[in-house]
Amino acid sequence: MNTGTNPLRENEEGLFGVQWHITDNCDQRCRHCYIFAEDNKKPLVSMDFAQMQEVIRKVESFLGRMDMRPNWHITGGDPLLCPDFWKLAELMKEKKQPYFLMGNPFHLNEEICRRLKDTGCVAYQVSIDGMEQTHDWFRMPGSFRKTMEVFPLLRAAGIQSVVSMTVSEKNYRELPDVMDAVERAGADHFGFARYVPTSDEKHNAIPPMEYRALLETYFQKRQVAKLCGSLTNFTLKDHLLALYLYEEGKFHPPAYCHRPGDHMPAGCHCANATMAISADGTVMACRRMESSTLGNIFTDDLTEMWTQAKTRYRQYDRFADCARCKLEPWCRGCPAIAAAVTGDYYGRDPQCWHVVEE
């Protein structure tokens, strides 16, 4: 079962996902941004080129010992607003390291897209968080239309366009319309993830059965799009889709992989095959979970941090209900959301509707 979002490398083994925030600089102050959500006056930090070189050296050394390669997802803020971004891009080209950018649409034009392609950018991810009125409320006036205009630019340059939607109680009913809109606009890939609350006032309150109905609608529209030859790939990103597809008889987990502690072929891989690095060097198991800080890449050893991460986040027999569910190797919901809502990383995902039989 493919649950990835990287359109070019999601099925390639031996890759370790590195979500690298090189700057906090951004044109927007989105209402649900995890950088600015609680403090719009925080200092803006950007890595300089020497720091970037050190990050690459340490990540490559760490992964070399694991016989893995980095799958670079470079973001911010807006990575194009990092003063030394193009130095980094040229270094990635020199090292023959393809990279995936996640940013805003405001600084993309034909020349920039061609230059990104030349330095090894394989995909560019933007966000759509509802139809125009809702999206612009989350972000800024004009953002929706500007975002919809970048897909032909990226395609002309040979860069895959990726759209990500963050769904919450404020916008989840608009997901079907957003799917139609990005398909009409010519996006190559679309996926969505649930909002991780950053405070008690921002509780992710989508009722479980309503969320199941949303997944059903999404999957059915996805199937119709495939049958009609849509050029947009609607990805299976949310882990609870494994539960929905299992209940519908469309996913049959192999019997040999069901015990806690066995190899986990899908579901959340924070502290397993991914890490996040912020602009100040902070290393986290999951960028959507501030409490998952492991240390700092400039002062601490990555191997020691990752050993710590495994101890904290990979005790699979501790997951509430999941540890007793046959879908544990493929699902486990979203522990970041569980941590935000219940205070426990191993707590029950608040959108999971499944009742595990004793």
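Overview of the structure. Note that this is a predicted model, so its numbers are computed, not measured.

Reading guide: rules and limits
- Sequence positions are assigned chain by chain, starting from 1 and proceeding in written order.
- For a predicted model such as this one, the threshold for reporting local features is a pLDDT of at least 70, and the threshold for listing and counting side-chain atom pairs is 80 or more; totals across whole chains, interfaces and linings nevertheless cover every residue.
- Think of the side-chain values as coming from all heavy atoms in the structure, minus any hydrogens and water.
- To get an axis, a line is fitted to the C-alpha atoms, and for a helix only the part in contact is used. The angle between two axes follows their N-to-C directions and goes from 0 to 180 degrees.
- We count a stretch as a helix when DSSP gives it H or I for four or more residues in a row; a strand needs E for two or more, and each element gets its number in order from the N terminus.
- Here roughly perpendicular refers to angles of 65 to 115 degrees, roughly parallel to angles under 35, roughly antiparallel to angles over 145, and oblique to all remaining angles.
- By convention the crossing between two helices is left-handed if the near helix lies anticlockwise of the far one by an angle smaller than a right angle, and right-handed if it lies clockwise.
- Here, residues are in contact when the closest pair of their heavy atoms is within 4.5 Å.
- Polar here means any residue other than Ala, Val, Leu, Ile, Met, Phe, Trp, Tyr, Cys and Pro, which are nonpolar, and Asp, Glu, Lys and Arg, which are charged; Gly is therefore polar.
- For each residue, the accessible area found with a 1.4 Å probe, counting protein chains only, is set against the maximum for its type, and the residue is called buried under 20%, exposed over 50%, and partly exposed in between.
- Here a polar contact is recorded for every N or O atom pair within 3.5 Å, except that within protein the pair must consist of a potential hydrogen donor and a potential acceptor, and residues adjacent in sequence are included only if both atoms are side-chain atoms.
- Strands are labelled as partners when DSSP assigns at least two bridges between them.

**Remarks on the packing of helix α3 (residues 110–119) against helix α6 (residues 150–157)**
Then, in step 1: Two numbers describe how α3 lies on α6: the axes approach to 9 Å, and their chain directions differ by 45°. Put simply, α3 runs oblique to α6. Note that α3 runs across α6; the crossing there is right-handed. Two secondary-structure elements touch here, α3 through Glu110, Cys113, Arg114 and Lys117 and α6 through Leu153, Leu154 and Ala157.
Then, in step 2: Along the lines of polarity and charge, the residues of the contact of α3 with α6 split into 4 nonpolar, no polar and 3 charged.

**Section: the side chain of Arg212**
Then, in step 1: With respect to the helices and strands, the residue Arg212 is situated in helix α8 (residues 208–227).
Then, in step 2: With relative accessibility at 12%, the residue Arg212 sits in the buried group.
Then, in step 3: Separated by 2.8 Å, the side chains of Arg212 and Glu247 make a polar contact.
Then, in step 4: For Arg212, the contacting residues outside a window of four places in its chain are Tyr244, Glu247, Glu248 and Trp353.

**Comments concerning helix α9 (residues 240–247)**
Then, in step 1: Counting buried positions along α9 yields 6 of 8 residues, so the element is predominantly enclosed.
Then, in step 2: In the core, the buried residues of α9 are packed alongside β6 (189–194) and α8.
Then, in step 3: Directly after α9, the chain includes Gly249, whose backbone phi takes a positive value near 75°.

**Quick notes on the pairing of strand β1 (residues 15–21)**
Then, in step 1: Of all 7 residues making up β1, 6 are buried, and the element is well covered by its neighbours.
Then, in step 2: Looking at chain direction, β1 and strand β2 (residues 69–75) are connected through 7 bridges and run parallel. Residue Gln19 lies in a different strand from β2, and its bridge partner there is His73.
Then, in step 3: The pairing of β1 with strand β8 (residues 274–277) spans 4 bridges and is parallel. If you follow Trp20 over to β8, its bridge partner there is Ile277.

So yeah, pure geometry; function would need other evidence.
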